[in-house]
Each structure stands twice: as structure tokens, then as C-alpha cells.
There are 2 protein chains.
Amino acid sequence: MQIQAVIGSQCRRDWEHTDAATAEPVRIAAIGLGWYTRGRALPALADSDRCEPTVLVSGSAEKAERVAAEFEAVERTLTYDEYAEGIGTDAYDAVYVCTPNAFHLDHAAVAADHGKHVLCEKPIERDSGRAENLVGVCDDAGVEVMTAYRMHTEPTVRRAKELIDAGYVGDPVAVRGDMSQRLLKRVNPDPDQWRLNAELAGGGALFDIGLYPLNTARFLLDADPVAVAGTTGSTHDAFDAVEETVTCSLRFPGGVTAACFASHNARQSSSITVTGTEGQVRIEPAFFQDQDRKLELSRGDSRAEVAVERVDQMREEFDYFADRLRSGADIYPDGRHGVVDVEVMEAVYEAADRDTWVEV
Amino acid sequence: MQIQAVIGSQCRRDWEHTDAATAEPVRIAAIGLGWYTRGRALPALADSDRCEPTVLVSGSAEKAERVAAEFEAVERTLTYDEYAEGIGTDAYDAVYVCTPNAFHLDHAAVAADHGKHVLCEKPIERDSGRAENLVGVCDDAGVEVMTAYRMHTEPTVRRAKELIDAGYVGDPVAVRGDMSQRLLKRVNPDPDQWRLNAELAGGGALFDIGLYPLNTARFLLDADPVAVAGTTGSTHDAFDAVEETVTCSLRFPGGVTAACFASHNARQSSSITVTGTEGQVRIEPAFFQDQDRKLELSRGDSRAEVAVERVDQMREEFDYFADRLRSGADIYPDGRHGVVDVEVMEAVYEAADRDTWVEV
């Protein structure tokens, strides 16, 4: 069994196909300069050996200049119009799209038009029709699309998947995952933020954070749900257009089930557990950044807790993207992978509306 | 907040109304001498200051005699026929019914007929009709019925409930609970055991162990589910009549949801988590006996793990029953409480069959 690998060299990048020392860095244009791009993405890009944040694109030229002053690698800033016109295309190889979900398609289409690869924040779009279109325009233009999931390169999740793949839990039987936070109280008090706008976001807690347990369940099981049921609810006026809380059940092929819970109005929590015939793997905390990870393992009569080193999840994700572009190897969370999540989440909403199970 | 109470005097019996030193011990007739009665119930009764195992009732007179030899307090043994005929009724005050679920009603009816109180193992019967009848005959006879749940007097669960009641988690948002074991591989290899017989058991993993997270969710929330959805499945031939694995979702009043998972073919696991607007309480391991308990608490930015002393859960349960009989105080898990679980579990099966939500 792979226990040794979980304890030793936990953070090895087993996904690397190219050498960071010799691979040409990927020059990234960051589209959208909200707090996540400024506080998470740009610092990770600046820190990366495989990427460089060379271009910043924002609705506000002044804001773009201000942010650019903080990052040495930035060569130029663009307004959205300038970006759409193809100005400065020689300064970047790929784009990182971090805008409200409903703008992903348009920004990706521009990138595709200019022959630039796309790393697109999750969920890939606000609905599955637009998500399909996004993938279609990129396919037609021959550019790569990756959906920006942090979990596939998070070492704790990767080691958990290795253990599961190696048979540590036996046959998986059930997955439980959850992610919750106080969005308005702890993250962003603005009741007019785009995450609460159905047109811009597509959904509420499920689209924003429920996606983590859902997508990580898919990754750990290496399978996609075939049917879903769910319940959504809101207690706060700000959540009149999108759900505050969601609970959903997923049926996977072979009878494996998953239960996911997400809430924008519950104390921060995040975990994912896979129970199998022989053992169990649990990660907690699982999904938020900047937290020490713990992998809880049990099999037969033995039980262990493994602390896993903290990494910059965004840097891992960007480096994976760059490695894939430079090596030409398949991207695991490609555009189609991202579309499946949107389809599953739409099915959860339909299931919640109709009070029934819905096939995906 | 009650954190101090969780750390100090964890195992205090806050439910006691009478003094064990002065209360007359309750003389118990144990009905059914399977491994659980022999290995768990009788040692706990023998150890108790509040109860005495004075009578043993079994289908086999020889087995009853053999078991009686191990417990000093036993005054006499009875066959089921002798028990039904009312022989030896002066030697016991109450019965503890630990037989296949489908026999609970008949044994309870005999007890009621003789004016004896009933402590009946969970689930209270194999279906809600028989469960209602059981409660009815006891009510008519004026005898008490308690459903034998270990969790209401398990100190870890009790301290968790105190915290929740005192507002530690804020408003509860969601509960997740699970219980799994390898029934055939680790507990009892007999494919003909009554737990796998639909006529005798009423259901599979849900009736036997899924009941723990389900009932404990009810206890911790102090509420009953209003609607359920679920999925059942089996992979092993022995589980052709009852389900091997179940996943269910429960809707409680006020929008609180619970997700429960139980399997007779997954590595042993047991936990229950209540996430609220302000904090989270998790017990793990939660439901199996003879394990050290851990209460995981988080609220705001603080987080604590509290080890809770191990108690003999069966002794706590028996002593609670005896205290209630002697004090006349209300029994929390009374017969009606047990009927609700059977109704909820039947609704889960119906929901799984019909692929829809079912109101309870």
C-alpha cells in the first residue's frame, strides 16, 4: 500500500511532464482584477517558475495600473475593449479568466479568437448551454481550456486519490463532502455582489462552493454522477435569487453514492470522506486555502492521521496548466470536465424544484 | 457558553431524578439471549446499582441455564411459553426485549398483560403498524415503554446536545451522520442471520445501523423529519431481501437538512456532525461501543478537540430506564419516539423505490 508515499514527499508534483528550469514560461493575461485575482492569483503567478503575469485586463484602466505597480512581471494593462480588439496579444500566451461566471464565455471567445489558451475559473459558466459554447469556440480555434479547480493538484487530495486508486479503501461505497462559510458575515458583506445575482452567477452556494465536494468526489472516484436529488433553501433576504444552502445526493455508476452539503450561511467547514469496503480516507479541512491539511486514514483495525504540508494551491494549479501547455499532455479538468459539473448542478436544481431524482 | 461543562464532569448523569443508593433496584427479565444480551446487556445489568438481571427468557431452557450460571443476580430462567403463561412474574418488574425485530410486539404484549414495563431494542418493530400496536398495548395496560437507544445517555452526545441547545453552533443548518461496518466479514458471517431476513428485521442497514445517525440527528435537533429521499443498494447475494447500503436525505422543519449513510459492507465508520450558522459540533467515533469518543468543536476562529471518557453505554441506558420508572419522569425515547423512526425509515424505502421525496 502507498502509505509511505503519503508520509514521505507528500507534495511531489507527480503530474509534471516538463522541467520548470527549461520549459518556456507561459505568459498569462489575467482577466478581471477582483479580490481573488489580486490576492490569490497574481501572487501565485508572480511566485511561479512556470508562469508570468504579463498582462492585466480590467474594466478600470486606473485600477489595472494600480495593480500592475505591485507585480514586476506585468508588461501592460488593457481595458476589456482593448483586450477584445486584440491589442497586446504578443505579450501573453494564455488567459486566466476570473470574472463573474456569466462573462466567462465572452472572454474565452476573445482568447480563442486570438489563439490564446484559456484557464477559466469554476464554474466554467453560469449555465450548461454557455459552458458548451465556451468549450466549442475554444475547440474550434484549437486552443486549450482548463477549468480552474484547485483540488486536482492539492497534494492532500492527490495522495488521497493515490491511496484510493491503489485499493486502500477497497471498493468505494460512499462519499460525503461539505463546504460552508458565512459569505456575508465573513467574506463579503455586500448584498449586491455578483455571487448573489442569478444572471451573473447561475446559482448560489452550489455553484460557488458546493462545486468543491461535488467535483472532488468525481476526481476521487474517477467517475461522474448518473442521477441526483437535492434540497435548496435560503433564510436571508440577500439570497432571494440564488440558494443560500444546498444538500444533494449523487448516484455514481456501480451504486456508489455521494452526499454533499454547502452553505453560504454556516460556520466555515470543509471536508470530504470516502468510505469503502476495506477502509476510509477523510480530508479535513479540505477546500479552503491557507489551512493546514489533515488526512485521516483508517483500514481494518488501524487508523492514522497524517498532517500534509501546506502549498500555494493557486501556484500548483497555474503550474499544472503551464506544464500541460508546454508538454501537450492531456488536461484532466478540461473544458468538458467543467461542463459536466454545470450539468450536474443544473440537475440538482431541477431535482430540488421537482422533488425527485433527476438523471444527468 | 457551556465549554466548561464539556471539559469538566463530562459523564455527569444530568438525567438522574432519583438517588441510586436509595431507589429500589428494577428487576429485569431479559428476553432473548443472543450475543448482544449475553455480551452487552447482562454484564451492564450485573454492573448496575439501579437494575438487576433477575430473570432470563430464552427459547432454549438449557441455554438459559448456562447463561444464568454466569450472573449471580439471576433468580430463574423461563422458556418463551413459560414467560407467556405468566410464570415467575413476581421475580421481575420490567422486561428488556432483545430479539429479532418482528418478535418485539408479542413479547411486549405479554409484558403489558402482566403489568410489566418494557425496554425494547431498536428499531421498536419491523414495521410501523406493529410498532403502533406495541405502543398501544402498553398504553392500554398502563405500562411504560422505552426504545433502547444508547445515544441519548452517551455523555458525548449529551454534551454535544447541551452545546447546541446553548447556542454554540448558532442556528443549526445541516447534519451529516454515518455508520458502517462489515456485517458478514467482521460481525457475523452467517448469511442466514435474522438481520438479513426482511420478515424478521423489517429492513437492512437502515433499520440496523442507519437508525443511529437518523435518531441522533432527531435528538440533537430536537425535531423530527418532515420529508425524506433515499437510495438503497446491495452488492452481496446475502442482501437480496434487505438493503446492504443506504443513503438518505432528511428535511427538518425550518429548512434544516440531514444526510445519513449506512452500510453493512463498508469499513467501520461512525460520526455525526451538526453545522450551524456560528459553529460546528462533530462526534467521531460516534455510535459503536467500546471506543474512545472525540468531540470536535469549532466556532468562529476557534477549534478544539475534546476527548470524552468512555462509559458502558448499556449501563447508562439501563440506569436511565430504571431512574425513569422509579421517578415517574417522562421517558425521552418512549414508544412513540421509536415509532417515528420506523415511519421515517419506511418513508426512506418508499422514496428510494419511487425515486422521489416522500413526506413523513
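Residues numbered from 1 in each chain as written. Chains lettered and ligands numbered in written order. Predicted model: local features only at pLDDT ≥ 70, side-chain atom pairs only at ≥ 80, totals over all residues. Heavy atoms only, no water.

**Considerations on the UniProt feature "domain: Gfo/Idh/MocA-like oxidoreductase N-terminal" (unreviewed entry) in chain A**
Per the UniProt entry, the sites bearing "domain: Gfo/Idh/MocA-like oxidoreductase N-terminal" (unreviewed entry) are residues 26–148 of chain A in this numbering. Counted over residues 26–148 of chain A, helix gives 41% and strand 25%. Its end C-alpha atoms are 16 Å apart. (UniProt positions renumbered as here; feature names shortened; annotations may be inferred. Helix = DSSP H or I, 4+ residues; strand = E, 2+ residues; numbered from the N terminus.)

**Things to note about the pattern of salt bridges**
Evaluation of the coordinates by the stated rule reveals 82 salt bridges over all chains. Taking the shortest distance from any N to any O, the salt bridge between A:Arg315 and A:Asp49 comes out at 3.4 Å. On the criterion of sequence distance, the pair formed by A:Arg315 in helix α11 (residues 313–327) and A:Asp49 in the loop between α2 (35–47) and β2 (51–58) is long-range, its members being 266 residues apart. B:Arg13 is the partner of B:Glu16 in a salt bridge, and the nearest nitrogen-oxygen pair spans 3.1 Å. Salt bridges here are not isolated pairs; linked through shared partners, they connect A:Arg13, A:Glu16, A:Asp47, A:Asp49, A:Arg50, A:Arg315, A:Glu316, A:Asp319, A:Asp323 and A:Arg324. (Salt bridge = Lys/Arg side-chain N within 4 Å of Asp/Glu carboxyl O.)

**A look at the packing of aromatic side chains**
Residues and elements named next belong to chain A. The tally for this structure, following the rule as stated, stands at 14 aromatic pairs over all chains. A ring pair is formed by Tyr96 and Phe318, whose centres lie 5.0 Å apart and whose planes are at 80 degrees; its orientation type is edge-to-face. Residue Tyr96 is found in strand β4 (residues 94–97), and its partner Phe318 is found in helix α11; the two are separated by 222 residues along the sequence. As far as burial versus exposure is concerned, Tyr96 and Phe318 are alike and both buried. Sitting over the face of the ring of Phe219, Lys161 holds its NZ or CZ atom 5.4 Å from the ring centroid. Sitting over the ring of Tyr168, Arg299 keeps its end group 5.9 Å from the ring centre. (Phe/Tyr/Trp six-rings, centres within 6.5 Å; stacked < 30°, edge-to-face > 60°. Buried < 20%, exposed > 50% of the residue type's maximum accessible area, 1.4 Å probe, protein only. Lys NZ or Arg CZ within 6 Å of the ring centre and 35° of its normal.)

**A closer look at the relation of the copies chain A and chain B**
Each copy of the sequence occupies a distinct position, and chain A is placed on chain B by a rotation of 180 degrees and an axial shift of 0.0 Å, giving an RMSD of 0.0 Å. Such a turn and shift between the copies fits a two-fold axis. Across chain A, the rotation axis passes nearest the C-alpha of A:Thr356, at a separation of 2.0 Å. In this assembly the copies share their binding face: 100% of the residues contributing to the interface of chain A also contribute to that of chain B. (Least-squares fit on C-alpha atoms with pLDDT ≥ 70 in both. Contact = heavy atoms within 4.5 Å.)

**A few points about unusual backbone geometry**
Residue and element names in this part refer to chain A. The step from Lys122 to Pro123 runs through a cis peptide bond, and the omega angle for that step is -15 degrees. Along the chain, the position of Pro123 falls in the loop between β5 (117–121) and α6 (128–141). Here Asp290, not a glycine, exhibits a phi torsion of approximately 60 degrees, which is positive. Considering the arrangement of structural elements, one finds Asp290 in the loop between β12 (279–283) and β13 (293–299).

**Thoughts on a negative patch on the surface**
A contiguous patch of negative charge on the surface is contributed by A:Glu24, A:Glu52, A:Glu75 and A:Asp90. Here A:Glu75 is to be found in the loop between α3 (61–68) and β3 (76–79). (Patch = residues over 30% accessible without salt bridge, like charges linked within 9 Å, V, L, I, M, F, W, Y side chains within 5 Å. Areas by Shrake-Rupley, 256 points an atom, 1.4 Å probe, with all protein chains shown as cover. Lys, Arg positive; Asp, Glu negative; His and termini not counted. Charge placed at Lys NZ, Arg CZ, Asp CG, Glu CD.)

**Some points on the environment of A:Ile31**
Residue and element names in this part refer to chain A. When you line up the elements, Ile31 lands in strand β1 (residues 26–31). For the pair Ile31 and Asp290, spaced 259 residues apart in the sequence, the C-alpha separation amounts to 23 Å. Setting aside its immediate chain neighbours within four residues, Ile31 contacts Val57, Tyr80, Tyr83, Val95, Tyr96, Val97, Cys98, Thr99 and His107.

**Regarding the side chain of B:Gln289**
Residue and element names in this part refer to chain B. Mapping Gln289 onto the fold places it in the loop between β12 (279–283) and β13 (293–299). The class for Gln289 is buried, based on a relative accessible area of 12%. A distance of 2.6 Å separates polar atoms of two side chains, one belonging to Gln289 and the other to Tyr36. Apart from the residues within four sequence positions on either side, Gln289 is in contact with Tyr36, Arg40, Arg150, Gln313 and Met314. (Polar contact = N/O pair within 3.5 Å; in protein donor to acceptor, adjacent residues only side chain to side chain.)

**Let's talk about the environment of B:Phe239**
Residues and elements named next belong to chain B. Its location among the elements puts Phe239 in the loop between β8 (227–233) and β9 (245–251). Put simply, Phe239 and Arg354 are 115 residues apart on the chain and 20 Å apart in space, counted from C-alpha to C-alpha. The residues touching Phe239, leaving out its near neighbours within four places in the chain, are Leu183, Leu184, Leu196, Ser234, Glu244 and His264.

**Considerations on the UniProt feature "domain: GFO/IDH/MocA-like oxidoreductase" (unreviewed entry) in chain A**
Mapped onto this structure's residue numbering, the UniProt feature "domain: GFO/IDH/MocA-like oxidoreductase" (unreviewed entry) falls at residues 157–281 of chain A. As annotated, residues 157–281 of chain A comprises 28% helix and 38% strand, and the C-alpha atoms at either end are separated by 10 Å.

**A few points about the domain arrangement of chain A**
Residue and element names in this part refer to chain A. Segmenting chain A into domains produces domain 1 (14–150) and domain 2 (155–310 + 332–359). Using C-alpha coordinates to define each centre, domain 1 is positioned 26 Å away from domain 2. Each side of the interface is counted separately: domain 1 has 26 residues, and domain 2 has 30 residues. Roughly 2400 Å² of surface becomes buried between domain 1 and domain 2 when both sides are summed, with 50% attributable to carbon and sulfur atoms. Summed over the three residues of domain 1 that lose the most area to domain 2, namely Arg126, Tyr149 and Arg150, the buried surface amounts to 26% of that side. Between the two partners, domain 1 and domain 2, sit seven salt bridges. (Domains from an automatic or database assignment. Buried area = accessible area lost by both parts, 1.4 Å probe.)

**Structural notes on the pairing of strand β7 (residues 172–182) of chain A**
Every regular strand shows the same layout, with side chains that alternate between the two sheet faces. All names here are of chain A. For β7, the tally of buried residues reaches 10 of 11 residues, placing the bulk of the element in the interior. Direction of pairing for β7 relative to strand β10 (residues 257–263): parallel, over a ladder of seven bridges. Looking across to β10, one finds that Ser180 is bridged to Ser263. (Pairing = 2+ DSSP bridges.)

**Quick word on the interface of chain A and chain B**
Think of interface size as the accessible area that goes away when the parts come together; that is how it is often given. Between chain A and chain B, the contact holds 43 residues from the first and 43 residues from the second. For the pair chain A and chain B, the summed buried area comes to about 3400 Å², and 42% of that belongs to carbon and sulfur atoms. When the buried area of chain A at its contact with chain B is split by residue, A:Arg267, A:Asp355 and A:Trp357 rank highest and sum to 19% of it. There are 14 salt bridges connecting chain A and chain B. For the salt bridge of B:Arg303 with A:Glu284, the shortest nitrogen-to-oxygen distance reads 2.7 Å.

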